[in-house]
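Each chain is listed here by its residues.
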Amino acid sequence: MKFNYFKIYVILIMASACLLSMQSCKPKTAQAAASGDASKSFVAPGKYDEFYNIVSGGFNGQVAVYGIPSGRLFRIIPVFSQSPESGYGFSEETKPMLNTSHGFVPWDDQHHIALSQTQGEHDGRWAFANGNNTPRIARIDLTTFRTSEILEIPNSAGNHASPFITENSEYIVAATRFSIPLDDQNGDVPINTYKQNFKGSVSFISVNPTSGEMSIAFQIRTPGVNFDLSRAGKGKSHGWFFFSCYNSEKANTLLEQNASAKDKDFVMAVNWKKAEEYLKAGKAKKQAVRYAHNTYDDNTHSATSTILTEVAILDPADCPDMLYLIPCPKSPHGTDVDPTGEYIVASGKLAASIPVFSFTKLQKAIADKAFDGQYDGITVIKYEAALHGEVAKPGLGPLHTEFDGKGYAYTSMFLSSEIVKWRISDLQVLDRVPTYYAIGHLSVPGGPTAKPHGKYMIAYNKMTKDRYLPTGPELTQSAQLYDISGEKMKLLLDFPTTGEPHYAEALPAALIQGKQRKIYKIEENTHAYVSKGEGKAKVERNGNQVHVWMTAIRSHLTPDNIEGVKVGDEVYFHITNLEQDWDVPHGFAIKGANNAEILIMPGETQSLKWVADRTGIFPFYCTDFCSALHQEMSGYLRVSPAGSNVALHFSTGTNKPAVTADTVKTTGSVSKN
Ligand code: K7E
Ligand code: CUA
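Residues numbered from 1 in each chain as written. Chains lettered and ligands numbered in written order. Predicted model: local features only at pLDDT ≥ 70, side-chain atom pairs only at ≥ 80, totals over all residues. Heavy atoms only, no water.

The helix and strand tally for the protein stands at nine helices and 46 strands. Relative to the 2.2 N^0.38 estimate, which gives 26 Å for 673 residues, the radius of gyration of the protein is 28 Å and therefore close to what a compact globule would have. Dimensions of the protein, computed from the C-alpha atoms along their principal axes, are close to 95 × 60 × 45 Å. Per-residue burial for the protein yields a buried fraction of 58% across its 673 residues. Residue pairs at least 24 apart in sequence account for 62% of intrachain contacts in the protein once pairs closer than 6 positions are excluded. For the protein, the separation between the mean place of its 65 positive charges and that of its 69 negative charges on side chains is 2 Å. (Helix = DSSP H or I, 4+ residues; strand = E, 2+ residues; numbered from the N terminus. Rg over C-alpha atoms; globule rule 2.2 N^0.38 Å. Buried < 20%, exposed > 50% of the residue type's maximum accessible area, 1.4 Å probe, protein only. Contact = heavy atoms within 4.5 Å. Lys, Arg positive; Asp, Glu negative; His and termini not counted. Charge placed at Lys NZ, Arg CZ, Asp CG, Glu CD.)

This is how it looks when you write it as structure tokens:
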């Protein structure tokens with residue numbers, strides 16, 4: 001999120017001063033509000049939270065899971081970044097998840113979450129998340145809280161308006177923040193040929209209703225603007241999608257001034273039902289591209305990365321009435337659709353009011369041809385013709401709006417650090433509460449659905465200043481919980497977050513709590529290097545590769561003595577966790593591993609690559625405290641000089657015969673338990 005301080009200079013200077021010296025800007029009631037109401041966010045020890053809050057991790061590339069109302073952190077789900085907790089992106093099985101057309105990308109930036117929906121309501125199946133920098137969308141399975149799939153988006157750069165979902169999860173969309181020359185064009189052009197050579201694109205990604213698997217159904221080529229955010233229509237506006245865009249000036253330098261030259265940018269309305277018809281009618285052109293599609297299989301416990309090479313593109317020039325532009329003041333950021341699907345709220349970051357558009361009026365404007373010319377061949381609707389009205393004097397720097405399903409909207413104000421509650425029908429501002437400080441997104445449980453759950457609202461803040469104990473140059477990011485059940489919003493709780501939270505969604509715990517996967521069945525494990533029992537454990541050499549089929553069960557590793565590895569060997573530890581009980585992972589670490597450690601769930605097999613770089617004895621051990629004898633869950637690997645004749649040998653519970661002249665033949669023994 002970047003802000004332009006150019007246009008409403010004086011106001012913004014004042015607001016910036018506020019940000020720098022928050023104390024002086026605190027509303028008079030801040031102390032009272034900040035005292036919180038512990039009883040309302042208190043979840044007694046042993047009791048469960050009412051909601052799961054699935055929160056973007058921003059620059060850490062992960063997704064975090066908190067309980068609401070307690071604000072307790074349950075899990076960090078690795079998505080677009082390697083994880084030092086589980087070995088995601090480090091283990092041989094999960095490395096392909098982070099593969100892209102640019103090769104392996106170990107860290108990305110993650111902004112938005114979309115939960116799957118059925119008939120406009122959360123169905124608790126999947127959470128989708130965007131990779132912002134190297135454009136991708138991930139699907140998280142809410143029975144395992146793991147990333148199941150990652151799809152790269154071609155013709156895109158800065159996948160910001162993504163992912164947003166339709167009311168039956170038909171599509172999730174991804175619109176490019178940066179327009180660029182299309183992937184199959186020669187992109188080696190002068191940057192100042194932006195206006196001729198740079199194009200935008202919006203991708204419609206279909207979601208398989210049973211498996212959840214994603215595939216790019218089609219892309220729409222658009223004018224070379226910057227897309228910011230999006231929402232699907234719902235109810236009466238189902239079949240439409242709305243995207244905010246800025247830089248209609250098509251500036252390619254100093255955007256803070258040059259992309260704010262015009263009074264109005266646009267909300268782009270896409271009639272995707274129409275787009276589907278054009279696709280069926282063969283209007284799409286095939287374009288040669290390269291993008292990765294990565295999937296994780298819960299039986300092989302392995303990911304596969306496939307490079308796809310074609311995408312279908314619809315050009316608005318061939319597809320009349322598919323796209324319309326609605327003028328919108330001052331670089332709109334959020335464009336949010338209310339639960340009925342009638343109202344589209346566009347938040348111009350630099351605008352003095354919040355325009356609210358009416359879907360019914362938009363349809364009438366199209367029927368009446370209430371147009372205001374064209375932009376790059378796309379029809380522009382007359383602003384007033386689509387306007388329901390403007391929320392006057394809402395505050396400074398409106399960004400995002402959520403809804404409670406009772407006719408009220410809540411808009412975050414970055415510059416004036418507050419949330420404003422207003423009524424959709426008459427656009428009256430009814431209440432405002434301070435946030436500490438510089439709020440970005442906000443979330444009402446179920447807020448983007450047709451039936452919000454209301455009750456709570458969570459603010460995700462960019463700065464915390466004086467709210468927490470300081471931690472050096474960087475202070476924690478944080479969220480704040482508000483009670484919105486009454487007329488007045490009430491601050492209940494502050495809680496720190498990991499990374500930088502952007503968007504988040506919350507859903508009732510009851511939707512997913514009972515559907516949790518507890519173990520992976522060992523008999524269903526089809527990993528290429530599984531050991532289904534300690535008797536199957538072994539060590540084999542293949543050239544300079546040594547494969548170790550290892551098992552883990554409380555409280556030993558099999559084998560736990562390995563000899564015959566030579567300097568320069570690549571050793572692959574394939575560890576199968578034989579446990580079949582809930583919440584008994586085992587870990588694995590070996591001295592000198594310059595990859596990572598791994599964590600293996602019950603019934604799962606995971607592999608760690610380790611290179612023998614010197615002679616000696618290398619202890620290995622379980623890293624997850626799994627039983628009273630966890631500290632005993634360990635072993636030794638001997639490395640001999642390259643070319644030595646120490647035979648490959650492995651054992652557990654039996655000592656190798658006391659011989660000095662090692663045989664060259666592979667030997668092994670495993671104790672019977
Ligand atoms: Cu407003 Cu990237 Cu959704 Cu952050 S964006 S705040
Ligand atoms: Cu297994 Cu500790």
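From this point, things continue past the structure.
Let us look at empty space enclosed by the protein. Rolled over the atoms, a probe as big as a water molecule pinpoints where empty space is left. Taken as a whole and judged by the stated rule, the model has four cavities of 30 Å³ or more. There is about 110 Å³ of room inside the largest cavity. Contributing to the lining of the largest cavity are 14 residues, with Q117, I165, R231, A232 and P448 lying nearest its centre. Taken together, the elements giving at least two residues each to the lining of the largest cavity come down to β6 (113-118), β10 (161-165) and β14 (226-232). Broken down by class, the residue content of the lining of the largest cavity amounts to seven nonpolar, three polar and four charged. As a volume, the second largest cavity reaches approximately 80 Å³. What lines the second largest cavity is a set of 13 residues, and nearest its centre among them are F164, R231, D336, H400 and H441. Sorting the residues of the lining of the second largest cavity by element identifies β14, β20 (332-337), β26 (398-403) and β30 (439-443) as the ones contributing at least two each. (1 Å grid on protein atoms, 1.4 Å probe; cavity = no way out; pocket = protein on both sides within 12 Å on 5 of 7 lines; lining within 4 Å. Points joined across faces, edges and corners; volume = space filled by probe spheres on them. Nonpolar A, V, L, I, M, F, W, Y, C, P; charged D, E, K, R; others polar.)

Our focus in this paragraph is the site of ligand 1. Inspection of the region around ligand 1 gives 11 residues, with H111, H112, H160, H441 and H502 positioned closest. For the shell around ligand 1, a count of residues per class yields two nonpolar, eight polar and one charged. (Near = heavy atom within 4 Å.)

Each pocket or cavity is described by its volume, and for the largest pocket that value is around 1200 Å³. Every residue lining the largest pocket is counted, 43 residues in all, and those nearest its centre are R75, T144, F145, Q516 and W582. Of all the secondary-structure elements, those providing two or more residues to the lining of the largest pocket are β1 (51-56), β3 (73-77) and β9 (146-152). Considering each element in turn, the lining of the largest pocket owes the most residues, four residues, to β3. Residue classes in the lining of the largest pocket are distributed as 20 nonpolar, 12 polar and 11 charged.

Among the residues making up helix α8 (residues 359-367), those that are buried are F359, L362, A365 and I366. Angularly, the buried residues of α8 cover 115° about the axis, an arc narrow enough to put them on a single face. Relative to its buried face, α8 has exposed residues pointing more than 90 degrees away, namely K364 and A367. Trailing α8 by a residue or two, K369 shows a phi angle of about 55°, which is positive. (Arc of directions from axis to C-beta.)

Another aspect to go through is the packing of aromatic side chains. The description of an aromatic ring pair rests on the distance of the ring centres and on the angle between the ring planes. Evaluated as defined, the whole model comprises 24 aromatic pairs. The interplanar angle of 85° and the centroid separation of 5.6 Å between the aromatic rings of Y171 and F204 together place this pair among those described as edge-to-face. Taken together, the residues span a long stretch of sequence, with Y171 in strand β11 (residues 171-175) and F204 in strand β12 (residues 200-207) at a distance of 33 residues. With a relative accessible area of 0%, F204 lands in the buried category. (Phe/Tyr/Trp six-rings, centres within 6.5 Å; stacked < 30°, edge-to-face > 60°.)

Another aspect to go through is the environment of A174. Within the element layout of this structure, A174 appears in strand β11. Overall, the relative accessible area of 2% leaves A174 in the buried class. Separated by 12 residues in sequence, A174 and S162 place their C-alpha atoms 4.3 Å apart. Filtering out sequence-adjacent residues up to four positions away, A174 remains in contact with I137, I153, N159, A161, S162, S201, V202, S203 and I205.

Here we take up the nonpolar core. Side chains of nonpolar character tend, in soluble globular proteins, to be buried together. Core analysis: the biggest nonpolar cluster contains 30 residues, and F204, I220, F227, F241, F243 and V270 have the highest contact counts within it. With residues near it in sequence (within four places) discarded, F243 still touches A161, V173, A175, V202, F227, L229, S230, F266, V267, M268, V270 and T335. Counting residues in hydrophobic clusters, the runner-up holds 27 residues, among them V565, A612, V639 and F650. (Core = buried A, V, L, I, M, F, W, Y, C linked by side-chain atoms within 4.5 Å.)

Here we come to the side chain of N294. Tracing the backbone through its elements, the reader meets N294 in strand β17 (residues 285-297). Of note is the side chain of N294, whose polar atom sits 2.6 Å from the side chain of S305. If near-sequence neighbours (up to four positions away) are discounted, N294 is found in contact with P96, M97, L98, N99, S148, E149, I150, T304, S305 and T306. (Polar contact = N/O pair within 3.5 Å; in protein donor to acceptor, adjacent residues only side chain to side chain.)

Here we have four strands laid out as an open sheet, ordered β26-β27-β28-β29, and antiparallel in their pairing. The open sheet has two edge strands with one neighbour each: β26 and β29 (429-434). If you compare each strand with its neighbour and ignore which way they point, the axes differ by 20° on average. Two elements, β26 and strand β27 (residues 408-413), share four bridges in a ladder whose sense is antiparallel. By the bridge assignment, E402 is partnered in β27 with Y410. (Pairing = 2+ DSSP bridges. Axes fitted to C-alpha atoms, helices over the stretch in contact; angles between N-to-C directions.)

A separate point is the confidence of the model for the protein. Across the protein, the average pLDDT comes to 93, with 92% of residues at 70 or higher. Low confidence marks residues 1-34, where pLDDT is under 50. Its contacts with residues over four positions away, or in another chain, come to 48 contacts. The low-confidence segment residues 661-666, where pLDDT is below 50, has 13 contacts with residues more than four positions distant or belonging to other chains. (pLDDT = per-residue confidence, 0-100.)

Our focus in this paragraph is the sheet that holds β1. Ordered by their spatial adjacency, four strands build an open sheet running β3-β2-β1-β34, and the pairing between neighbours is antiparallel. Among the strands making up the open sheet, the edge pair consists of β3 and β34 (504-508). Strand-to-strand twist of the sheet, defined as the mean angle between neighbouring strand axes without regard to direction, takes the value 20°. As judged from the four bridges shared by strand β2 (residues 63-68) and β3, these two strands associate in the antiparallel manner. Note that in β3 the partner of V63 across the bridge is I77.

Here we come to the side chain of S83. Positionally, S83 belongs in the loop between β3 and β4 (99-100). Reaching out from S83, the side chain makes a polar contact with the backbone nitrogen of S86 at a distance of 3.4 Å. Those residues in contact with S83, other than ones at most four positions away along the chain, are Q62, P78, Y88 and F90.

Pairs can form between side chains of opposite charge whenever their charged atoms are close. Counted under the stated rule, the structure contains 30 salt bridges. In this structure, K349 and D228 form a salt bridge, with 3.8 Å as the shortest nitrogen-oxygen distance. Highlighted residues: K349 in the loop between β21 (343-348) and β22 (353-358) and D228 in strand β14, separated in sequence by 121 residues. With relative accessibility at 6%, the residue K349 sits in the buried group. Taking the relative accessible area as the measure of exposure, D228 reaches 5% and is therefore buried. In this structure, D336 engages R231 in a salt bridge whose closest nitrogen and oxygen atoms are separated by 3.1 Å. Taken together, the residues D336 in strand β20 and R231 in strand β14 connect sequence positions 105 residues apart. R231 carries the same exposure label as D336, and that label is buried. The structure contains a network of salt bridges with shared partners spanning R231, D336 and E402. (Salt bridge = Lys/Arg side-chain N within 4 Å of Asp/Glu carboxyl O.)

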